[in-house]
Amino acid sequence: MNAPENKQLAVVQQDRGAFDLSPRTFQEALTFSEYLANSDMVPKAYRGKPADCLIAVQWGAEVGLKPLQALQSIAAINGKPSLYGDAGKALLLSHGCIIEEDDIEVIKAHGKAACTITRPGRPPVRRTFSLEDAKTAGLLGKEGPWRAYQSRQMAWRAFWFAARDAAADLLRGMGGFEEAIDMPAERHMGPVDEVKPAEKPALPAYPQADFDKNL
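Residues numbered from 1 in each chain as written. Predicted model: local features only at pLDDT ≥ 70, side-chain atom pairs only at ≥ 80, totals over all residues. Heavy atoms only, no water.

Go over the pairing of strand 7 (residues 125–130) with me, naming the residues and quoting the values.
Examined bridge by bridge, strand 6 (residues 112–118) and strand 7 share six bridges and lie antiparallel to one another. Within strand 7, the position partnered with Cys115 by the bridge is Arg127. Counting the residues that bridge the hairpin from strand 6 to strand 7 gives six residues, and of these Gly121 lies at a positive phi of roughly 80 degrees. (Pairing = 2+ DSSP bridges. Helix = DSSP H or I, 4+ residues; strand = E, 2+ residues; numbered from the N terminus.)

Next up, the structure:
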């Protein structure tokens, strides 16, 4: 369905002559989300879903991503927003973080990936993820990226461990897509059976004669 013609999306003029489609009001955000949901230039998960587009745009704003960046960088896994690894690195780099990672060949040789993240004025944070860790988590040989790109997946795990520990304030509670896809889906156990207490038998009527006597 095409967006209503009478709705005009505000274009914010920049000093350099370019324009920015970032909405400035809630109504503009609603209109923008309709345009996004009707576009083939957004991921399939967002097509035809203006509400999801709106929430993704807001999540992007929370961590400093513009609307189009947010839609390309945020995915919902089990109902929780997750950042793709490249976007997570870009976010940290934009705040002056230094990211040091092992080369893939080093990871293959040692069976362990390491990542060190250093923020300005703070001590370095180094985290690792090994083949033993992957085995314990039930990831080795798992269908998908873990079977095709085992070393790369280990590197992503090490990065996200370090990123969440070193820059939780920058990520605002969002984790990594590369971690989230390995998490088991939430299971609905069904409605809870309500157990009603057993009804107590009604007491027999108190004879009026006995009542008058006692009174």
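How would you summarise the environment of Asp52 if you had to cite specific residues and measurements?
Within the secondary structure layout, Asp52 lies in helix 2 (residues 50–63). Along the primary structure Asp52 and Ala37 are separated by 15 residues, whereas in three dimensions their C-alpha atoms are 8.6 Å apart. Residues contacting Asp52, with those up to four places away along its chain left out, are Ala45 and Tyr46. (Contact = heavy atoms within 4.5 Å.)

Outline the packing of aromatic side chains, listing residues and values.
Any two aromatic rings considered together are summarised by their centre-to-centre distance and by the angle between their planes. In the structure shown here, the tally under the stated rule is five aromatic pairs. Pairing Tyr84 with Phe177 gives two aromatic rings, centres 4.5 Å apart and planes at 45 degrees, and the pair type is tilted. Of this pair, Tyr84 sits in the loop between strand 4 (80–83) and helix 4 (85–94) while Phe177 sits in helix 10 (residues 177–180); the two residues are 93 residues apart in sequence, bridging distant segments of the chain. Its relative accessible area of 30% is what places Tyr84 among the partly exposed residues. Taken together, the aromatic side chains of Phe129, Trp146 and Phe161 make up a single cluster linked through ring pairs. For Lys89, the ring lying beneath its charged end belongs to Phe159, and the centroid distance is 5.5 Å. (Phe/Tyr/Trp six-rings, centres within 6.5 Å; stacked < 30°, edge-to-face > 60°. Buried < 20%, exposed > 50% of the residue type's maximum accessible area, 1.4 Å probe, protein only. Lys NZ or Arg CZ within 6 Å of the ring centre and 35° of its normal.)

Please set out the packing of helix 1 (residues 26–37) against helix 2 residue by residue, giving values where relevant.
Between helix 1 and helix 2, the least distance of the axes is 8 Å, while the angle of their chain directions is 120 degrees. In this view, helix 1 runs oblique relative to helix 2, as classed from their interaxial angle. Crossing of helix 1 over helix 2 shows right-handed handedness. Between helix 1 and helix 2, the residues in contact are Phe26, Ala29, Leu30, Ser33, Glu34, Leu36 and Ala37 and Pro50, Cys53, Leu54 and Val57, respectively. In terms of residue class, the contact of helix 1 with helix 2 is made up of nine nonpolar, one polar and one charged. (Axes fitted to C-alpha atoms, helices over the stretch in contact; angles between N-to-C directions. Parallel < 35°, antiparallel > 145°, perpendicular 65-115°, else oblique. Left-handed = near helix turned anticlockwise from the far one by under 90°. Nonpolar A, V, L, I, M, F, W, Y, C, P; charged D, E, K, R; others polar.)

I'd like a rundown of the environment of Pro43, residues and numbers included.
Position of Pro43 among the secondary structure elements: in the loop between helix 1 and helix 2. Taking relative accessible area as the criterion, Pro43 reaches 25% and is therefore assigned partly exposed. Leaving out residues up to four positions away in the same chain, Pro43 has contacts with Leu71 and Gln72.

Please provide a residue-by-residue account of the sheet that holds strand 8 (residues 175–176), values included.
Pairing is mixed in the open sheet, where three strands are placed in the order 3-4-8. This sheet does not close on itself; its edge strands, each paired only once, are strand 3 (74–77) and strand 8.

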